[in-house]
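# Commentary on secondary and tertiary structure
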Amino acid sequence: MKREIIQTLDGSTTIHIPEWDESYHSKHGAIQEAQHVFIKNGLSLFKDKELAILEIGFGTGLNAFITYLEGAKMNQIIDYVGVEAYPISSEELVSMNYVAELNALDQENIFDQMHGSAWNEKTILSNRFTLTKRQQFFADIEDKNKFDLIYFDAFGYRVQPELWSTEIFQKMYDALKDDGVLVTYAARGVVKRSMIEVGFVVEKLAGPPGKREMFRAKKIS
Ligand SMILES: C[S@@+](CC[C@H](N)C(=O)[O-])C[C@H]1O[C@@H](n2cnc3c(N)ncnc32)[C@H](O)[C@@H]1O
């Protein structure tokens, strides 16, 4: 499918798929959305902890890079796994402005290494952050009791409803450790029902700019 680069309302870039009218991030602000959904409502629950994160949809690497930066501020040791079936191209990558927009020019080499690192291998990016990019379909995820936190960042229910099904959420539930947490930008009733069906306890939280609500789901032991 054709993909094009667009600018979101906070100045940060994203990738847009015209055929679906779907973007990798919120058009109201890619960075703002990532900070709100995944960092404020996810990562910040684990201050001063060692944790394993599973990202559903590595995409542009924005969530991974923000997690690297914020994890340092929160004194965290992070083992990060990003699953992605369709990696972005190097042409798309150079059009992304995340390093500058996050005022992280001194960490540009980390963003480059995130993309330059081999697929399906664990790469040590620092003494407190390892990254494994797994080229894999979400339906093939078979991890069990391995992650503390899941960033569920698949394309929306409107375009890929099969990724918001009980089959996929069962995989997410199984991949989490007891007391693990899943965060997602989504807030549809049908999504919440699938999460509850597999055993999650679901909270509705205020959404990022431009979106009223979002979900956080917990695997309660
Ligand atoms: C919303 S974007 C993720 C954005 C990403 N988190 C970021 O920070 O840029 C969804 C991602 O899921 C990937 N994807 C779509 N269907 C998939 C599938 N069935 N299995 C694995 N990856 C898939 C897409 O290629 C895309 O990169």
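Scroll up to find the structure this text is about.
What comes next concerns the included structure. (Residues numbered from 1 in each chain as written. Predicted model: local features only at pLDDT ≥ 70, side-chain atom pairs only at ≥ 80, totals over all residues. Heavy atoms only, no water.)

## Quick notes on the packing of helix α2 (residues 62–73) against helix α5 (residues 108–116)
- Taken N-terminus to C-terminus, the directions of α2 and α5 make an angle of 140°; their axes are 10 Å apart at the nearest point. With respect to their mutual orientation, α2 and α5 come out oblique. You can see that α2 and α5 cross each other, and the crossing is right-handed. The segment α2 lies against α5, with Ala64, Phe65 and Tyr68 engaging Ile110, Phe111 and Met114.
- Of the residues in the contact of α2 with α5, the class split is six nonpolar, no polar and no charged. (Axes fitted to C-alpha atoms, helices over the stretch in contact; angles between N-to-C directions. Helix = DSSP H or I, 4+ residues; strand = E, 2+ residues; numbered from the N terminus. Parallel < 35°, antiparallel > 145°, perpendicular 65-115°, else oblique. Left-handed = near helix turned anticlockwise from the far one by under 90°. Contact = heavy atoms within 4.5 Å. Nonpolar A, V, L, I, M, F, W, Y, C, P; charged D, E, K, R; others polar.)

## Section: the site of the ligand
- Among the 20 residues in the neighbourhood of the ligand, the closest are listed as Glu55, Gly57, Thr60, Glu84 and Asp153.
- One of the side-chain nitrogen or oxygen atoms of Thr60 is found 2.5 Å away from an oxygen atom of the ligand.
- Contact between the ligand and Gln160: a nitrogen atom at 3.3 Å from a side-chain N or O atom of the residue.
- For the ligand, the accessible surface in isolation is 600 Å², of which the surrounding protein chains cover 96%. (Near = heavy atom within 4 Å. Polar contact = N/O pair within 3.5 Å; in protein donor to acceptor, adjacent residues only side chain to side chain. Areas by Shrake-Rupley, 256 points an atom, 1.4 Å probe, with all protein chains shown as cover.)

## Thoughts on the pairing of strand β10 (residues 201–206)
- Note that β10 and strand β11 (residues 213–218) share six bridges and pair antiparallel. If you follow Val201 over to β11, its bridge partner there is Lys218.
- Between β10 and β11, which pair antiparallel in sequence order, lie six residues; one of them, Gly210, sits at a positive phi of approximately 90°. (Pairing = 2+ DSSP bridges.)

## Regarding α2
- With 12 residues, α2 should reach 16 Å at 1.5 Å per residue; the first-to-last C-alpha distance of 17 Å fits that figure.
- A large share of α2 lies buried, amounting to 10 of its 12 residues.
- Looking at α2, one finds that the buried residues are Leu62, Asn63, Ala64, Phe65, Ile66, Thr67, Tyr68, Leu69, Glu70 and Gly71.
- Looking one or two residues past α2, Asn75 carries a phi angle of roughly 55°, positive in sign. (Expected span 1.5 Å × (residues − 1). Buried < 20%, exposed > 50% of the residue type's maximum accessible area, 1.4 Å probe, protein only.)

## What about the sheet that holds strand β3 (residues 22–23)?
- Pairing is antiparallel across the open sheet formed by three strands, whose spatial order is β1-β2-β3. Here the strands that pair on one side only, and so sit at the sheet edges, are β1 (4–7) and β3.
- For β1 and strand β2 (residues 13–17), the ladder comprises four bridges, and the chain directions are antiparallel. Within the sheet, the bridge partner assigned to Gln7 lies in β2 and is Thr13.

Function cannot be inferred from these measures alone, as they are strictly geometric.
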